Amino acid sequence: MKGSLNTTQLIQLLLILLLLVWCFLIVQPFILLLIWAIILAVALYPLYKRVASRFSEGKRKWATLLFTLVLALLLFIPIYYLVEAIVSSTSGIAEQLQQETLEIPGPDPSVAEWPLIGERLYHEWKGISDNTQQYVLDHKEVILDKGGSLLSGLGSFFGSLILFVVSFLIAVVFMHNADKGRTAAAAFLNKVVGDRAEDILTISRDTIRSVVKGILLVALIQTILALIGMKIAAIPAAGLFAFLVLVFAIVQIPVFLVLIIPIIISFTSLDTTPAVIFTIYMVAISMSDNILKPIFLGKGLQTPIIIILIGSIGGMLLHGIIGLFVGAVVLAVAHRLYTFWVQVPEEQN
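Overview of the structure. (Residues numbered from 1 in each chain as written. Predicted model: local features only at pLDDT ≥ 70, side-chain atom pairs only at ≥ 80, totals over all residues. Heavy atoms only, no water.)

1. Things to note about the overall build of the protein chain
Tallying secondary structure elements over the protein chain gives 14 helices and zero strands in all. In the protein chain, the succession of α and β elements from N to C terminus is α-α-α-α-α-α-α-α-α-α-α-α-α-α. When the 349 residues of the protein chain are sorted by exposure, 38% land in the buried category. Taking as baseline every contact in the protein chain between residues at least 6 positions apart, the subset at least 24 positions apart corresponds to 71%. Of the roughly 20800 Å² of accessible surface on the protein chain, 68% is carried by carbon and sulfur atoms. (Helix = DSSP H or I, 4+ residues; strand = E, 2+ residues; numbered from the N terminus. Buried < 20%, exposed > 50% of the residue type's maximum accessible area, 1.4 Å probe, protein only. Contact = heavy atoms within 4.5 Å. Areas by Shrake-Rupley, 256 points an atom, 1.4 Å probe, with all protein chains shown as cover.)

This is how it looks when you write it as structure tokens:
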């Protein structure tokens, strides 16, 4: 039958498929690492190019080394302390649960004087504080089960930090060989999609940079600033609150919903003036994305927030904490490419 596969062609296809599956299984443990490295390389390349342009061609390796050292210090030091704070806070809470020593600080009497919600908040809070021990005893098995799962998940933060470091080093290699990498990507896409290869490369590049700068970087800045403020104010479980700020900021939920709890706690553990200063600082952090996003985004993010939400949560469920970042970027790129594909005239598809 004309157009059908003969035995030789079928065997060839099966062998090619076998080779592709085999190659995939070999590189599967490194796929997340390489994807994150590519994302970092694309996002950081404009900064790298600006630094490298100040050096002559013969000293480009020194430019790469300087860029790596400076950026590593700027990124890894705050990220390390963020991860350490999150893990230590969660470990402390889990230990108190196991030893049945968990206590929730009671409210200051001045809370009852707050307008509208003060009296009700005071009584509810005092009731929870007075009955913490009994509540823990009544629900100990459930709390320890869920808390243990949360702790094991957060314990992978240090593994994610190591993954981030290795990805960053690979990203530096990619940036150092950016021209060769773009040529190779263009050649591959030319084979797959033909004349639209350059358009797809440009869309992917711009989307990655928009999401990384406008969402991930802003979320990281808000998280670190919030952690610093809560550490100075000695807020209990500051690392856990910082983690929630990070998640809320990435999925584009107002971080004030998280920060309102540390604000309330501050009025029970600090004098009025420091508590008011802390409140103003937290409110400023929750509103800072309105200033930072226009600075980093420029023309704006063209990806719907629901895509970022699904990508970040789905990525975290699939790949752990690093998936919180990778998932948002990958799904945003896929969405932009899908939009581009459906908008192309049918005769060009």
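2. Focus: the pattern of salt bridges
The final tally for this structure, using the stated rule, is two salt bridges. Of the charged contacts in the structure, one is a salt bridge between R182 and E198, with a shortest N-O distance of 2.7 Å. A residue pair is termed long-range when its members are at least 10 positions apart, and R182 in helix α7 (residues 178-193) and E198 in helix α8 (residues 197-232) qualify at 16 residues. Of the residues examined, R182 reaches a relative accessible area of 37% and is grouped as partly exposed. (Salt bridge = Lys/Arg side-chain N within 4 Å of Asp/Glu carboxyl O.)

3. Focus on the packing of helix α1 (residues 7-52) against helix α14 (residues 321-343)
Where α1 meets α14, the closest approach of the two axes is 11 Å, and the angle between their N-to-C directions is 65 degrees. Helix-helix and strand crossings are classified by hand; for α1 and α14 the assignment is left-handed. Residue-level inspection shows L32, I35, W36 and I39 of α1 in contact with α14, the latter providing I322, F325, V326, V329 and V330. In terms of residue class, the contact of α1 with α14 is built from nine nonpolar, no polar and no charged. (Axes fitted to C-alpha atoms, helices over the stretch in contact; angles between N-to-C directions. Left-handed = near helix turned anticlockwise from the far one by under 90°. Nonpolar A, V, L, I, M, F, W, Y, C, P; charged D, E, K, R; others polar.)

4. Here's the deal with the nonpolar core
Within the largest apolar cluster, 66 residues are counted, with the highest numbers of intra-cluster contacts made by W36, F168, L216, M230, I250 and V329. Looking at this core, the elements with two or more residues in it are α1, α2 (60-99), α6 (157-176), α8, α9 (238-250), α10 (256-269), α11 (272-287) and α14. Looking at this core, the element that brings in the most residues is α8, giving eleven residues. Apart from residues no more than four positions distant in its own chain, V329 is found in contact with I39, I208, V211, V212 and L216. Core analysis: the second largest hydrophobic core is formed by seven residues, A186, L189, L201 and I203 among them. (Core = buried A, V, L, I, M, F, W, Y, C linked by side-chain atoms within 4.5 Å.)

5. With respect to the side chain of T64
Of note, T64 is situated in helix α2. Overall, the relative accessible area of 9% leaves T64 in the buried class. A polar contact of 3.0 Å, which involves the side chain of T64, links it to the side chain of H176. Here T64 is in contact with Y48, V172 and H176, once residues within four sequence places are set aside. (Polar contact = N/O pair within 3.5 Å; in protein donor to acceptor, adjacent residues only side chain to side chain.)

6. Brief notes about unusual backbone geometry
One non-glycine residue, A234, lies in positive phi territory at about 55 degrees. By secondary structure assignment, the location of A234 is in the loop between α8 and α9. A relative accessible area of 57% places A234 in the exposed class.

7. Section: the environment of A275
Within the secondary structure layout, A275 lies in helix α11. With twelve residues separating them in the primary sequence, A275 and I263 have C-alpha atoms 7.4 Å apart. Excluding anything up to four places from it in sequence, A275 contacts S266, F267 and L270.

8. Focus on a nonpolar patch on the surface
Among the surface-exposed residues, L10, L14, L17, V21, F24 and L25 lie close enough to one another that they form a single nonpolar patch of about 570 Å² accessible area. Looking at the secondary structure, you find V21 in helix α1. (Patch = residues over 30% accessible without salt bridge, like charges linked within 9 Å, V, L, I, M, F, W, Y side chains within 5 Å.)

9. Some points on the packing of aromatic side chains
Applying the stated criterion to the full structure yields four aromatic pairs. Pairing W36 with F325 gives two aromatic rings, centres 6.0 Å apart and planes at 35 degrees, and the pair type is tilted. Of this pair, W36 sits in helix α1 while F325 sits in helix α14, and the two are 289 residues apart along the sequence. Comparing W36 with F325, the two get one shared label, buried. Grouping aromatic residues by their ring pairs yields a cluster made of Y45, Y48 and F67. (Phe/Tyr/Trp six-rings, centres within 6.5 Å; stacked < 30°, edge-to-face > 60°.)

10. Remarks on the packing of α7 against α8
Where α7 meets α8, the axes come as close as 8 Å, and the angle between the chain directions of the two elements is 125 degrees. It follows from the interaxial angle that α7 and α8 lie oblique. The crossing of α7 and α8 is right-handed. Contacts from R182, A185, A186, L189, N190 and V193 in α7 reach A197, E198, I200, L201 and T202 in α8. Across the contact of α7 with α8, the residue classes break down as seven nonpolar, two polar and two charged. (Parallel < 35°, antiparallel > 145°, perpendicular 65-115°, else oblique.)

11. As for the environment of L33
Within the secondary structure, L33 is located in helix α1. Placed 293 residues apart in sequence, L33 and V326 show a C-alpha to C-alpha distance of 9.9 Å. Here L33 is in contact with L163, V166, S167 and I170, once residues within four sequence places are set aside.

12. Overview of the environment of A185
Along the chain, A185 falls in helix α7. You can call A185 partly exposed: its relative accessible area is 27%. Counting along the chain gives twelve residues from A185 to A197, while the straight-line C-alpha distance between them is 8.7 Å.

Purely geometric numbers; function is a separate question.
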